[in-house]
Amino acid sequence: MRKIAVMYSGSSQHWRTYKTSEFAQYIDQLIPARQLEEENLEAFDVLIIPSQTHTGLLDRNIQKIHDFANTGKVVVTFGPQHRDWLPMHNWEFRPTNFWWWLEPNADSGLRLLGTAHDLFTNYITLEDATWHQHGVYWPNEGCEVLVATDDGGAVLYIDRVNTNGVWVNTTLDPDFHFGSYFMPATERFLRGFLPWLKNGQL
Amino acid sequence: MEAIAYVGIDIQFTRLTAEDRERGLVFLYLYDLPYADLTAYAGVIITNHVEEQFLMEHKAILDEYLLNGGVIFSLTEISLPWLANVANWKRSPIPLKDREIIIEPSDCSLFKGIEPYDINYRKGVRGFFSRGYFEKIPAYAEVLITDQSGVPILYVDRHSTNGTIFAGAGTDIYKVFIHEENTSKKLSIQMLACIREEAIRNYANGGISK
């Protein structure tokens, strides 16, 4: 069972998702973003960087997060990052279509590539990972793309090759939207994703 | 035109545009709050993108500002008591698709000329205006927005302090309708106008905030 820490911004959305909802049970420690620089991360296996994390405080901790990964640990990033700080991720911004599901024969544009991966065989479905997208990553060779757009851009991928650790990066922002109570699929996503992160096969 | 501070952490959703700045909005980085002279502003908008624990630690700054007749428009779905007499935000039990946002009759110009439909729906979808409410409000507060169950969603409180507190249990009503092509588009401009009107009124009543 992995010990999970969260870089905690203390906004209302993060308060609900990480501190007061059913998902708090999966979190071993909330590390206030203001204190992350001084925090010893040795005890943790996983560090989550939530979506809509304060960029100024993130900037001050980028090296620390990379150092954490390089000790063989797991870093999870949710949502568009607004900074080019993930290893070899090659972010591409795309305008968000919040309304695709209202269109006739609606197609989210998402495709499941990781059909045999533990996350999708035992924890969530593609539908649980489907609300809207903010852009895609184009990670380098060796990264495992689990969910992609129909043109191949990565929406959820695992990077075991660019550092000594494991990065689970997704442009999806389930924690922000669950905490905003506005996207029902995000609840299903977190109900599977967090138990997987705790106990599943990465 | 007096400036209005827009308080938040630095994320995508809080960044101001050239149009916002032309309207007099100034981004006030949350963690600069202890170093800011709030009386230099006509009012302070506190977004839903703030670290509430930090605001708790600096509640005295907001209290003093209100004591001096300041105007605070809170957009925070509040869960800590950092703003005078503003109760915790509660999630509405009414499904978003069924929830009706109601504009209450008022002399306040915030929602003047805005069609209820236009703040209830964006492209046919409900839920943008608010997903919650306040369980209680201060005595003498004027409720501006409710839902069909009658719970308060947005109110103005001119009595708890020497200043004015607008408290909204909703999303960022400055930004969310700003590019709509209907009456809701006016909400952002009217919000700033309301803040400035309150500042003038409070100043006339002896406040030192502008």
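Residues numbered from 1 in each chain as written. Chains lettered and ligands numbered in written order. Predicted model: local features only at pLDDT ≥ 70, side-chain atom pairs only at ≥ 80, totals over all residues.

Peer 1: An account of the overall build of chain B is requested, with residue identities and associated values reported.
Peer 2: Of the regular secondary structure elements, chain B holds 5 helices and 12 strands. Scored against the burial criterion, the 210 residues of chain B give a buried share of 45%. Restricting the contact set of chain B to residue pairs at least 6 apart, pairs at least 24 apart contribute 67%. (Helix = DSSP H or I, 4+ residues; strand = E, 2+ residues; numbered from the N terminus. Buried ≥ 20, exposed ≤ 12 C-beta atoms within 10 Å, placed from the backbone. Contact = placed C-beta atoms within 7 Å.)

Peer 1: So what's going on with the overall build of chain A? Which residues, and what values?
Peer 2: Counting its regular elements, chain A contains 6 helices and 10 strands. Here chain A has a C-alpha radius of gyration of 16 Å; the compact-globule value for 202 residues is 17 Å, and the two agree. If you line up chain A on its principal axes, its C-alpha atoms span 50 × 35 × 35 Å. Across the 202 residues that make up chain A, the buried fraction comes to 47%. For chain A, restricting intrachain contacts to residue pairs at least 6 apart in sequence, the fraction spanning at least 24 positions comes to 69%. (Rg over C-alpha atoms; globule rule 2.2 N^0.38 Å.)

Peer 1: I'd like to hear about the environment of A:E37, residue by residue, with values.
Peer 2: Residues and elements named next belong to chain A. Of note, E37 is situated in the loop between β2 (29-32) and β3 (46-49). C-alpha separation for the pair E37 and H66, spaced 29 residues apart in sequence, amounts to 13 Å. For E37, the contacting residues outside a window of four places in its chain are R60, N61 and K64.

Peer 1: Go over the environment of B:Y155 with me, naming the residues and quoting the values.
Peer 2: All names here are of chain B. Mapped onto the elements of the fold, Y155 is located in strand β11 (residues 152-157). C-alpha separation for the pair Y155 and F134, spaced 21 residues apart in sequence, amounts to 9.5 Å. Not counting chain neighbours up to four residues away, the residues in contact with Y155 comprise I137, A141, E142, V143, L144 and A167.

Peer 1: Explain the interface of chain B and chain A to me, using residue names and the numbers behind them.
Peer 2: Of the residues lining the interface, 20 residues belong to chain B; the matching set on chain A comes to 14 residues. Broken down by element, the residue count for the side of chain B that touches chain A peaks at 3 residues, all from helix α2 (residues 52-57) of chain B. Partitioning the side of chain B that touches chain A into residue classes produces 5 nonpolar, 8 polar and 7 charged. (Nonpolar A, V, L, I, M, F, W, Y, C, P; charged D, E, K, R; others polar.)

Peer 1: Could you give an account of the pairing of β11(B), with specific residues and numbers?
Peer 2: All names here are of chain B. Where burial is concerned, most of β11 is hidden: 6 out of the 6 residues are buried. As defined by bridge partners, strand β10 (residues 142-147) adjoins β11 across 4 bridges and the pair is classed as antiparallel. Each residue of the ladder has a partner; that of T146, found in β11, is P152. Between the antiparallel neighbours β10 and β11 lie 4 residues, among them G150 with a positive phi of about 90°. (Pairing = 2+ DSSP bridges.)

Peer 1: Would you mind going over the nonpolar core in detail, with residue names and values included?
Peer 2: The nonpolar side chains of soluble globular proteins are, as a tendency, buried together. Counting residues in hydrophobic clusters, the biggest one holds 60 residues, and the most contacted among them are B:I4, B:A5, B:V7, B:I45, B:I72, B:M191 and B:I195. Among the elements that line this core, the one with the most residues is helix α5 (residues 187-204) of chain B, at 6 residues. Other than its neighbours up to four places away in sequence, B:V7 contacts B:L28, B:L30, B:L33, B:V44, B:I45, B:I46, B:T47 and B:V50. Core analysis: the next-biggest nonpolar cluster, separate from the first, contains 54 residues, A:A5, A:L86, A:F189 and A:L197 among them. (Core = buried A, V, L, I, M, F, W, Y, C linked by C-beta atoms within 7 Å.)

Peer 1: Describe the sheet that holds strand β3 (residues 43-46) of chain B, and please don't skip the residues or the numbers.
Peer 2: Residue and element names in this part refer to chain B. Sheet architecture is open: 8 strands sit in the order β2-β1-β3-β4-β12-β11-β10-β6, paired in mixed fashion. Across the chains shown, the open sheet's two edge strands, defined by having one partner strand only, are β2 (25-29) and β6 (101-103). Recorded for the sheet is a direction-independent mean angle of 20° between the axes of neighbouring strands. (Axes fitted to C-alpha atoms, helices over the stretch in contact; angles between N-to-C directions.)

Peer 1: Provide a residue-level description of helix α6 (residues 184-199) of chain A, including the pertinent values.
Peer 2: Residues and elements named next belong to chain A. Here α6 contains 16 residues, and its C-alpha end-to-end distance of 24 Å stays within 8% of the 22 Å for a straight helix at 1.5 Å per residue. Taken together, the buried positions of α6 are occupied by A185, T186, F189, L190, F193, L194 and L197. Each element contacted by the buried residues of α6 is listed here: β1 (4-8), β3, β4 (74-78), α4 (118-123) and α5 (174-180). (Expected span 1.5 Å × (residues − 1).)

Peer 1: Run through unusual backbone geometry, naming residues and quoting values.
Peer 2: With the exception of glycine, the majority of residues adopt a negative phi angle, and the majority of peptide bonds are in the trans configuration. Residues and elements named next belong to chain A. A positive phi angle is found at Q52, which is not glycine, with a value near 55°. Relative to the assigned elements, Q52 resides in the loop between β3 and α2 (55-59). Phi at Y181 is positive, roughly 55°, even though this residue is not glycine. Along the polypeptide, Y181 turns up in the loop between α5 and α6.

Peer 1: Please provide a residue-by-residue account of the environment of B:I4, values included.
Peer 2: All names here are of chain B. Within the secondary structure, I4 is located in strand β1 (residues 4-8). Of the residues examined, I4 has 24 C-beta atoms within 10 Å and is grouped as buried. Contact partners of I4, with chain neighbours within four places excluded, come to G24, L25, Y41, A42, G43, I45, L192 and I195.

Peer 1: Could you give an account of helix α1 (residues 12-20) of chain A, with specific residues and numbers?
Peer 2: Residue and element names in this part refer to chain A. With respect to burial, α1 is a largely interior element, 7 of its 9 residues being buried. Every buried residue of α1 is accounted for by S12, Q13, H14, W15, R16, T17 and Y18. Along its buried surface, α1 packs onto β1, β2 and α5.

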